[in-house]
Amino acid sequence: MEFEDRLGRFLRAVDAFGLVDPLVEPLATMLHASPPEPRENSWAGWAGWYAQATLQLEKITRVIYESLYEQFASPSIDPGAVQAAYGSLLSHLGIGVSSHWVFATTNYDVIGDYAIQALGGTADDGTIDSRGAGAERSFRVEGLLDGMPQKIPLLHLHGRVGWLIRRGGAAYAADNLVMYDHAAGVPVVVLPDPEKDPGRDQIINTLWGEFRRALKRAKRVFVLGHSLNDQPLVAALAAEVAPSALAVAVLASELDPTQPAAEAGPVCEQLEQALPGAHRVVMRF
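Every chain begins its residue count from 1, and numbering advances along the sequence as written. Selection of residues for local features in this predicted model requires a pLDDT of at least 70, selection of side-chain atom pairs for listing and counting requires 80 or more, and totals for whole chains, interfaces and linings are taken over all residues. Hydrogens are left out, water is left out, and the side-chain values use all remaining heavy atoms of the structure.

A. Layout of a nonpolar patch on the surface. Only residues whose relative accessible area exceeds 30% and that form no salt bridge are eligible for patches; like-charged ones are grouped when within 9 Å, while nonpolar side chains (Val, Leu, Ile, Met, Phe, Trp, Tyr) are grouped when within 5 Å. Throughout, the Shrake-Rupley method with a 1.4 Å probe supplies accessible areas, and for residues the shown protein chains are the sole cover considered. Definition used for salt bridges: Asp or Glu carboxyl oxygen within 4 Å of a side-chain nitrogen of Lys or Arg. A cluster of nonpolar side chains, Leu-23, Leu-27, Met-30 and Leu-31, forms an exposed patch at the surface whose accessible area comes to about 420 Å². Categorising residues by exposure relies on relative accessible area from a 1.4 Å probe, with only protein chains included: less than 20% of the type maximum marks a residue as buried, more than 50% marks it as exposed, and the intermediate range marks it as partly exposed. What makes Leu-31 exposed here is its relative accessible area of 59%.

Written as structure tokens, this is what we have:
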């Protein structure tokens with residue numbers, strides 16, 4: 001949670017810095033401020049300083065994207081364990097691949113995609129083939145819920161690896177992209193930040209619209225493996241789901257599986273404050 005808080009503050013500062021370009025020179029004139037000394041004549045004046053600072057922030061942001069792909073583009077998973085774990089979970093929930101259900105995730109990886117496929121289902125994440133058998137796909141995220149039960153809507157609420165927007169172009173999805181290349185475009189993701197704004201990106205915003213529609217229609221909502229350190233998510237659950245229809249998994253202690261683990265404290269506090277009345281399911285998954 002501390003990591004998400006710090007990264008969120010940094011990213012919001014980067015966004016704000018990108019908006020002050022027209023103000024730098026007028027403020028410097030008004031305040032009679034001299035620009036810093038240039039390094040090795042690489043820039044001059046406040047405009048040059050601002051350009052260099054912007055370039056450095058872009059490099060840092062690029063490293064964040066590269067790290068994201070290193071962590072999530074090729075996750076080390078045991079396919080058999082994934083199939084067994086999700087199969088057991090869905091069986092306990094009374095859900096089959098032909099049931100009317102929606103899989104929503106805030107993870108950037110494709111483990112959920114793989115699990116549905118391994119269990120014999122067909123996941124629809126809102127991308128379609130735009131070139132027949134080509135590697136790139138285009139987006140069609142509106143109305144994802146309408147494909148049930150033939151397809152299982154898979155809502156990547158924070159985007160995912162392989163989703164990109166070309167600079168000055170359209171968004172596209174690329175399969176088997178295991179490393180981030182900034183020349184390929186800007187990732188369609190919502191980076192960690194408790195105060196994130198999913199509405200800033202059109203595709204993500206549309207997915208959240210489908211998510212809220214699913215919450216309104218759902219007879220049961222089960223939240224698994226989430227810290228609830230996400231204001232938009234908690235707000236959507238509180239607004240759209242009756243407490244009696246909401247269950248949230250809380251990590252169980254290894255010593256006593258009937259009791260929450262010590263590290264589950266923040267989730268329990270969030271439940272008490274924001275989602276009172278929701279059912280707690282103490283478990284390890």
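B. Just the nonpolar core, in detail. By size, the foremost hydrophobic cluster in this structure holds 33 residues, and its most contacted members are Leu-207, Phe-211, Leu-228, Leu-237, Leu-246, Leu-271 and Leu-275. Strands are runs of DSSP state E lasting at least two residues, helices are runs of H or I lasting at least four, and both sets are numbered from the N terminus onward. Breaking this core down by element, the ones donating at least two residues are α6 (202-217), β9 (221-223), α7 (231-240), β10 (246-251) and α8 (265-274). It is α6 that contributes the most residues to this core, six residues altogether. Contacts are residue-level and defined by heavy atoms, with any inter-residue pair within 4.5 Å sufficient. Sequence-distant contacts of Leu-275, defined by excluding residues within four places in its chain, comprise Leu-228, Val-234, Leu-237, Ala-238, Leu-246 and Gln-270. In this description, a nonpolar core means a group of buried Ala, Val, Leu, Ile, Met, Phe, Trp, Tyr and Cys residues linked to one another through side-chain atoms lying within 4.5 Å. Counting residues in each nonpolar core, the second largest holds 16 residues, with Leu-11, Tyr-65, Tyr-172 and Leu-191 among its members.

C. Focus on unusual backbone geometry. Met-148 connects to Pro-149 through a cis peptide bond whose omega is 0°. Along the chain, the position of Pro-149 falls in the loop between β4 (136-139) and β5 (152-156). The phi dihedral of His-32 falls on the positive side, at around 55°, and the residue is not glycine. The residue Leu-228 is not glycine, and still its phi comes out positive at about 65°. Structurally, Leu-228 can be placed in the loop between β9 and α7.

D. Main features of the sheet that holds β10. Two strands pair under a simple rule: DSSP has to find at least two bridges between them. Read from one edge to the other, the open sheet built from three strands follows the order β9-β10-β11, with strand pairing classed as parallel. Bordering the open sheet on either side are β9 and β11 (279-283), each of which pairs with just one other strand. Going across the sheet, the axis of each strand differs from the next one's by a mean of 25°, ignoring polarity. As paired elements, β9 and β10 share three bridges and run parallel to each other. Bridge assignment links Val-223 to a residue of β10, and that residue is Val-248. Against the sheet, α8 contacts β10 and β11, and its axis sits at roughly 155° relative to β10. With axes taken as lines fitted to C-alpha atoms, and helix axes fitted only over the stretch in contact, angles between N-to-C directions fall between 0 and 180 degrees.

E. Layout of the environment of Arg-6. Inspection of the secondary structure assignment puts Arg-6 in helix α1 (residues 2-17). Residue classification places Arg-6 among the exposed positions, given a relative accessible area of 53%. Separated by 200 residues in the primary sequence, Arg-6 and Thr-206 have C-alpha atoms spaced 27 Å apart.

F. Quick peek at the packing of α6 against α7. At their nearest, the axes of α6 and α7 sit 9 Å apart, and the two run at 35° to each other. In this structure, α6 meets α7 at a crossing whose hand is right-handed. Between α6 and α7, the contacting residues are Trp-208, Phe-211, Arg-212, Leu-215 and Lys-216 on the first element and Pro-232, Leu-233, Ala-236, Leu-237 and Glu-240 on the second. Note on residue categories: nonpolar means Ala, Val, Leu, Ile, Met, Phe, Trp, Tyr, Cys or Pro, charged means Asp, Glu, Lys or Arg, and polar means any other residue, Gly included. Taken together, the residues of the contact of α6 with α7 break down into seven nonpolar, no polar and three charged. Throughout, a crossing is termed right-handed when the near helix is turned clockwise from the far one, and left-handed when it is turned anticlockwise from it by less than a right angle.

What is shown is where atoms sit, not what they do.
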